[in-house]
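What follows is each chain in one-letter form.
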Amino acid sequence: MAGRGFTVKKNWDNPVEHAMPADARVPAEVCLGPVVVRPATVLAPMAGVTDTVFRRFIRHASLFTTCGSADAASPPENLAEASNIGSFDVAGVESAVTNAQSGCGLLMTEFTSADGLARMRETKRRRYLTFYEDEHPIGAQLFGSNAETLAEAARIVEETGFDTVDLNLGCPAKRVVGCNGGSGLLRDLPKIGEIFRAIRKAVTIPFTVKFRMGWNEAQIVCVELARMAEAEGLNGLALHARTREQGYSGQAHWNWIAAVKQAVRIPVIGNGDVRTPEDAAAMVAETGCDAVMIGRAAPANPWIFRQIAQYTATGSYERPTTEDRYRMIRAYFEMLLVEAEATKDLPRDARMGDPAGKMKQFATWFTHGVPGGAKLRAGIYHARNGADVLGEVERFFVPLIEAGDCFEPDAEDGGQAFPESALVCD
Ligand SMILES: Cc1cc2nc3c(=O)[nH]c(=O)nc-3n(C[C@H](O)[C@H](O)[C@H](O)COP(=O)(O)O)c2cc1C
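The residue count restarts for each chain, going from 1 along the sequence in the order it is written. Only residues with pLDDT of at least 70 get local features here, since the model is predicted, and only at 80 or more are side-chain atom pairs given and counted; chain-wide, interface and lining totals rely on the full set of residues. Think of the side-chain values as coming from all heavy atoms in the structure, minus any hydrogens and water.

(A) Seen up close, unusual backbone geometry. The omega torsion across R38 and P39 is 0°, close enough to zero to call that bond cis. Elements are defined by DSSP. Helices are runs of H or I of four residues or more, strands are runs of E of two residues or more, and each kind is numbered from the N terminus. Relative to the helices and strands, P39 is located in the loop between β2 (35-37) and β3 (41-43). With an omega of -10°, the peptide bond between H136 and P137 qualifies as cis. As for its position among the elements, P137 is in the loop between α6 (122-129) and β5 (138-143).

Shown next, in the form of structure tokens:
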């Protein structure tokens, strides 16, 4: 997105390589008020990505694997069928999956406008705030700038059954900042205080805030903001360690996560540039944060939460096989088709919409680094509907699996893990 400050490629393609730190592991759990997040990993809110289908896909990701694992996180026997291609049974998975299996302790919705929510018809609210039982614990994120409207929206979130409500103070998008929402509020701490008090008064569920370090390098407010959050009774906070001006460029400044952690006693969730289990452990080692939040790495590597859990337990983790990748992409596409079917009779604004668009989006991220992935992406790009997309996926993966090819990441593939065009918000 040239001209809007969203440049992720530089950092993404030149990551810092972290060795396994000797003295740190991602914590087994963190408590946001009475809500236990176990393990202490969080799926970051991502507009256009973390809808109900993607969240459940992440929660169940460990099931779509052929890997056998000796640890307690292995999927139970009776779920083996559920991960078979062609017989994916959402209901069967639902009843038995646990956070320990998926490795992701807390799911978050994409951000939702508080103004919109207050005005929306019931049916449309359903679309934005839909979640299934197997998504617990789950937090809903709100953005806005009016304290009363945000408090009203938080009440709706609580009544809908979410476990936590989160306030977005990080979105750099002009249309959000222009209305003083998201990171725009970082320039007005008294206003943030007013919003904190209004939401805190409105709900009893845990209330958290996700923010950036500040508007720019000259106006870093994260430590002060964290202290305010604690003083106003918030139950936790997440820091994406970049400024608004930084967009997604450069590296996240984890030293500010450490500074915030030292300043408050409420749980601190670190966020920014965690791409591997090694990164997650390094973030804990360097900052002392209580939990790790992962955004862009999740669609590129949906196993990352489970890999972190394995790494934490054993010091190593399994890599997906070609067949695992095939199962994974098929399972996600089937979940999309199931959700589209389940919502097709709802009013237009409550339907999931065209699954083919989501399939194309996901295929782009997920085939990053896959040898020949560019060819697959081109085929998928030209597909006209969901069935065509599935056909392309099959044509690509089945011969590889039959030939017994092992997938090794291909640095030359040229696919971009997260295209800049996808970076709509924070
Ligand atoms: C496509 C996309 C959409 C995002 N939408 C949101 C959002 O709705 N709310 C939010 O707080 N952050 C949003 N973010 C920011 C992420 O939550 C996260 O803070 C950021 O990507 C840094 O974490 P990462 O390096 O693990 O990706 C978004 C990021 C991306 C890439």
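(B) Broad picture of the packing of aromatic side chains. Put simply, two rings from Phe, Tyr or Trp (the six-membered ring, in Trp's case) pair if the centres are within 6.5 Å, and we call them stacked under 30 degrees between planes, edge-to-face over 60, tilted for the rest. Per the counting criterion, the structure on display carries 15 aromatic pairs. Centre to centre, the rings of F57 and F362 are 5.4 Å apart; their planes meet at 85°, and the pair counts as edge-to-face. Of this pair, F57 sits in helix α2 (residues 52-59) while F362 sits in helix α16 (residues 355-366); the two residues are 305 residues apart in sequence, bridging distant segments of the chain. Just as F57 is buried, F362 falls in that class too. Buried means the residue's accessible area, taken with a 1.4 Å probe over protein chains only, is under 20% of the maximum for its type, while exposed means over 50%, and partly exposed covers the values in between.

(C) Region of the structure containing the pairing of strand β8 (residues 236-240). The buried fraction of β8 is high, at five of five residues. Of the two faces of β8, the one lined by G236, A238 and H240 and the one lined by L237 and L239 are each fully buried. Only strands that DSSP links by at least two bridges are regarded as paired with each other. Note that strand β7 (residues 207-212) and β8 share five bridges and pair parallel. Opposite R212, over in β8, you have H240 as the bridge partner. Crossovers are marked right-handed if the path from the first strand over the helix to the second runs clockwise, as seen with the strands pointing away from the viewer. Crossover β7 to β8 through helix α10 (residues 222-231) is right-handed.

(D) Examining helix α11 (residues 254-263) more closely. Listed as buried for α11 are W254, I257, A258, V260 and A263. Where α11 is buried, its residues touch α10, β8, β9 (268-271) and α12 (277-287). Contacts are assigned to residue pairs with any non-hydrogen atoms lying within 4.5 Å of each other.

(E) Expanded view of helix α7 (residues 147-160). By definition here, a helix of n residues has an expected span of 1.5 Å times n minus one. Helix length check: α7, at 14 residues, gives a terminal C-alpha distance of 20 Å against a target of 20 Å (1.5 Å per residue), a fit within 8%. Those residues of α7 that fall on the buried side of the exposure criterion are A147, T149, L150, A151, A153, A154, I156 and V157. Polar contact criterion, stated in full: a pair of N or O atoms within 3.5 Å, where within protein one must be able to donate a hydrogen and the other to accept it, and residues adjacent in sequence count only if both atoms are side-chain atoms. Of the residues flanking the start of α7, the one acting as N-cap is N146, its side-chain oxygen 3.0 Å from the backbone nitrogen of E148.

(F) Local environment of the environment of L106. In this fold, L106 is placed in the loop between α4 (99-102) and β4 (107-113). L106 sits in the buried class, given a relative accessible area of 1%. Taking the C-alpha atoms as reference points, L106 and P137, separated by 31 residues in sequence, lie 5.5 Å from one another. Contacts of L106, omitting those with residues within four sequence positions, involve L32, V37, T41, V42, L43, R59, P137, I138 and G139.

(G) Here's a closer look at the packing of helix α17 (residues 373-382) against helix α18 (residues 386-402). Taken N-terminus to C-terminus, the directions of α17 and α18 make an angle of 160°; their axes are 9 Å apart at the nearest point. Judged by the inter-axis angle, α17 sits roughly antiparallel to α18. Crossing angle aside, the handedness with which α17 passes α18 is right-handed. Across the interface between the two elements, G373, L376, G379 and I380 of α17 pack against V389, E392, V393, F396 and F397 of α18. Think of it as three bins: nonpolar holds Ala, Val, Leu, Ile, Met, Phe, Trp, Tyr, Cys and Pro, charged holds Asp, Glu, Lys and Arg, and polar takes everything else, Gly as well. When the residues that make up the contact of α17 with α18 are grouped by side-chain class, the tally is six nonpolar, two polar and one charged. Axes here mean lines fitted to C-alpha atoms, for a helix over just the part in contact, with angles spanning 0 to 180 degrees between N-to-C directions. When describing relative orientation, an angle under 35 degrees is termed roughly parallel and one over 145 degrees roughly antiparallel, while 65 to 115 degrees is termed roughly perpendicular and anything else oblique. Crossing handedness is defined as follows: a turn of the near helix away from the far one that is anticlockwise and smaller than a right angle gives a left-handed crossing, while the clockwise case is right-handed.

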